[in-house]
Amino acid sequence: FRPRDKVSLCETVQLAYKLMVNTKKLTPDDSVTEKWSTTMQTYKIPEWAHPALAQCLEKKIVAITDLSSFMNNGAPREATRERATEILGRALEAAVPSLSAGGSTSFGDNAEISESARPYIALLAQQKIVSGDNQGNFKPRHPDITNRRKRQQNNNRRQKRHFH
């Protein structure tokens, strides 16, 4: 489990996938994995991540243009806080139709958050799933300062709040 390790983009997608499967918002489908198999091999995505990433590509939680950022010298790349939150926000929006991403955030470093991620970060902030630091900043470019233990606690909170 390595609870103090940082979370990679592949693991973030796996988390989003498991959240949707465990709450019956998504059914695993081998044909979807097969459909995206060649693409994932091209980008050297680890095989364990194929089912989750295939479903996330299919559901447009992750775009094919994002795949080049998933690996770094043959190893899964660590997720920044911005990318992890964007992926989980997209998954939440896909799984819970009554929620929609939009708006901006009140974080002091809002201008540093990419326009594509901002609505999803705002969604998770509105749902009290993510928050800023003591100075009110989100710190979007930092390597995901959330370790695996903290990510699991957030996942449990997210599941209780929105998927039941």
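Rules and cut-offs
Residues numbered from 1 in each chain as written. Predicted model: local features only at pLDDT ≥ 70, side-chain atom pairs only at ≥ 80, totals over all residues. Heavy atoms only, no water. Helix = DSSP H or I, 4+ residues; strand = E, 2+ residues; numbered from the N terminus. Buried < 20%, exposed > 50% of the residue type's maximum accessible area, 1.4 Å probe, protein only. Areas by Shrake-Rupley, 256 points an atom, 1.4 Å probe, with all protein chains shown as cover. Axes fitted to C-alpha atoms, helices over the stretch in contact; angles between N-to-C directions. Parallel < 35°, antiparallel > 145°, perpendicular 65-115°, else oblique. Contact = heavy atoms within 4.5 Å. Nonpolar A, V, L, I, M, F, W, Y, C, P; charged D, E, K, R; others polar. Phe/Tyr/Trp six-rings, centres within 6.5 Å; stacked < 30°, edge-to-face > 60°.

A. Geometry of the overall build of the protein. Counting secondary structure elements, the protein contains six helices and two strands. Out of the 164 residues belonging to the protein, those deemed buried represent 49%. Accessible surface, the protein: about 8,700 Å² in total, of which carbon and sulfur atoms supply 46%.

B. Spatial organisation of the packing of helix α1 (residues 9-22) against helix α3 (residues 50-58). Interhelical geometry of α1 versus α3 gives an angle of 75° and a closest axis separation of 8 Å. By the angle class used here, α1 and α3 are roughly perpendicular. Residue-level contacts link Val13, Gln14 and Tyr17 of α1 to Pro51, Ala52, Leu53, Gln55 and Cys56 of α3. Partitioned by chemical class, the residues of the contact of α1 with α3 number six nonpolar, two polar and no charged.

C. The packing of helix α2 (residues 30-42) against α3, seen in detail. Closest axis-to-axis distance for the α2/α3 pair is 9 Å, and the angle between their directions is 100°. With respect to each other, α2 and α3 are oriented roughly perpendicular. Contact with α2, carried on its side by Val32, Thr33, Lys35, Trp36, Met40 and Gln41, involves His50, Pro51, Leu53, Ala54, Gln55, Leu57 and Glu58 of α3 and no other residues of that element. Tallied by class, residues from the contact of α2 with α3 come to seven nonpolar, four polar and two charged.

D. Quick peek at the packing of aromatic side chains. Taken as a whole, this structure holds one aromatic pair when the rule is applied. When the ring of Phe107 is compared with that of Phe138, the centres are 5.1 Å apart and the planes differ by 40°; the resulting orientation is tilted. Note that Phe107 is positioned in the loop between α4 (81-95) and α5 (118-126) and Phe138 in the loop between α5 and α6 (148-162), a separation of 31 residues in sequence. No difference in accessibility class separates Phe107 from Phe138, as the two residues are buried.

E. Quick look at unusual backbone geometry. Backbone geometry places Lys44, a non-glycine residue, at a positive phi of 55°. Following the sequence through the fold, Lys44 ends up in the loop between α2 and α3. Positive phi outside glycine occurs at Lys139, with the angle close to 60°. Inspection of the secondary structure assignment puts Lys139 in the loop between α5 and α6. Since its relative accessible area comes to 32%, Lys139 is described here as partly exposed.

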